Amino acid sequence: MADIKPPFAQGFGGAKQDKYNAVWVSHSSINDFLKCPRAYFLHNMYKNERGRKVNIVNVHLSLGISVHETLEGLLNYKAEERFKKPLLQTFEENWVKVSGKVGGFKSMEEEMEAKERARRMIERVDAHRGPLEKLAVKLPPHANNMPPNFYLSEKDNIILSGKIDWLEYVPENDSVRVIDFKTGKNDEDKDSLQLPIYTLLLNALQKRKVSGAGYWYIERNDEPTDVELPDIKSAHKRVLEAALKVKQAREVGVFECPRGAGGCFACKPFEKIINGEAQLVKVDEERKTELYLI
Ligand code: SF4
């Protein structure tokens, strides 16, 4: 494994509390950390000699991005206008952005296979529009194009950020219902922090009652599957516990591999980038990130 020193610990003693010196956490960054602290460091904190973060392009991510952008883009229209433009046309436009090496595809065959899977998902949703034809609620935009965020703990100076794919408005009781589009083959892990994080985001960022939530596995299901959101107290406890572990590791600057040398699935691709064994396919200047094909 490459020998990378984590940056200096970020101390907060006496520091003014604001969004610039807070520790930001999200579902994906906490997940990275819980999988492996070192993988978290490589993915979320490491900067190369050009001062840029690094990330990996991959087929599953590209498929997910194109499908999510197509469906979530419908939120920019009023309910009755959402399907005026053919959904497949929007999908084709979004696919162009992930086509080729930039999307992690190593061959035309690989890309066509992924695109076909994604296209079938879009066709399924188009044939079973259900909640997407109904009223929806959009969370207010945040400054500087940031995802929705709030203080998970002011005392600990931790901010939680996260996006909600779709919020259906339920006029019968003036409530909202979460819909999360799933493009992967597997069910969401039952221990995932996704639902607790939704509970917290909804509580902090909007005022309506929450009447439910559903995971929509769009590769195989015609409608969302109901899931139960946890109560605020237990959600806050679980997410804060995990976020504090992230913060503590950042403070002491220790992101050790719990398995010793050798590397495993969660960090190997990043080690390859750092060792100069991956192909640079794009520089995202806005996010100061270099994207690599492994
Ligand atoms: S080998 Fe596995 S456990 Fe060790 S740093 Fe990499 S991802 Fe983490």
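None of these values were measured; they are calculated from a predicted model. (Residues numbered from 1 in each chain as written. Predicted model: local features only at pLDDT ≥ 70, side-chain atom pairs only at ≥ 80, totals over all residues. Heavy atoms only, no water.)

### A look at the pattern of salt bridges
As a working rule, side chains carrying opposite charge can pair if their charged atoms are close by. A complete count under the given rule lists 27 salt bridges for this structure. In this structure, R119 engages E123 in a salt bridge whose closest nitrogen and oxygen atoms are separated by 2.5 Å. Residue R119 and its partner E123 are located together in helix α5 (residues 108-127), separated by 4 residues, close to a single helical turn. We classify R119 as partly exposed; its relative accessible area is 22%. (Salt bridge = Lys/Arg side-chain N within 4 Å of Asp/Glu carboxyl O. Helix = DSSP H or I, 4+ residues; strand = E, 2+ residues; numbered from the N terminus. Buried < 20%, exposed > 50% of the residue type's maximum accessible area, 1.4 Å probe, protein only.)

### Some points on helix α6 (residues 194-205)
For an α-helix, 3.6 residues make a turn, and residues three or four places apart therefore share a direction. For α6, with 12 residues, the first-to-last C-alpha span of 16 Å sits near the 16 Å given by 1.5 Å per residue. Counting buried positions along α6 yields 10 of 12 residues, so the element is predominantly enclosed. Within α6, burial applies to Q194, L195, P196, I197, Y198, T199, L200, L201, L202 and L205. (Expected span 1.5 Å × (residues − 1).)

### Describing the packing of helix α4 (residues 87-96) against α5
Two numbers describe how α4 lies on α5: the axes approach to 10 Å, and their chain directions differ by 150°. As the angle between them shows, α4 and α5 are arranged roughly antiparallel. The element α4 and its partner α5 pack so that their crossing is right-handed. Contacts between α4 and α5 pair L87, L88, F91, E92 and W95 from the former with E111, A114, K115, A118, R119, I122, E123 and D126 from the latter. Its residues assigned to classes, the contact of α4 with α5 comprises 7 nonpolar, no polar and 6 charged. (Axes fitted to C-alpha atoms, helices over the stretch in contact; angles between N-to-C directions. Parallel < 35°, antiparallel > 145°, perpendicular 65-115°, else oblique. Left-handed = near helix turned anticlockwise from the far one by under 90°. Contact = heavy atoms within 4.5 Å. Nonpolar A, V, L, I, M, F, W, Y, C, P; charged D, E, K, R; others polar.)

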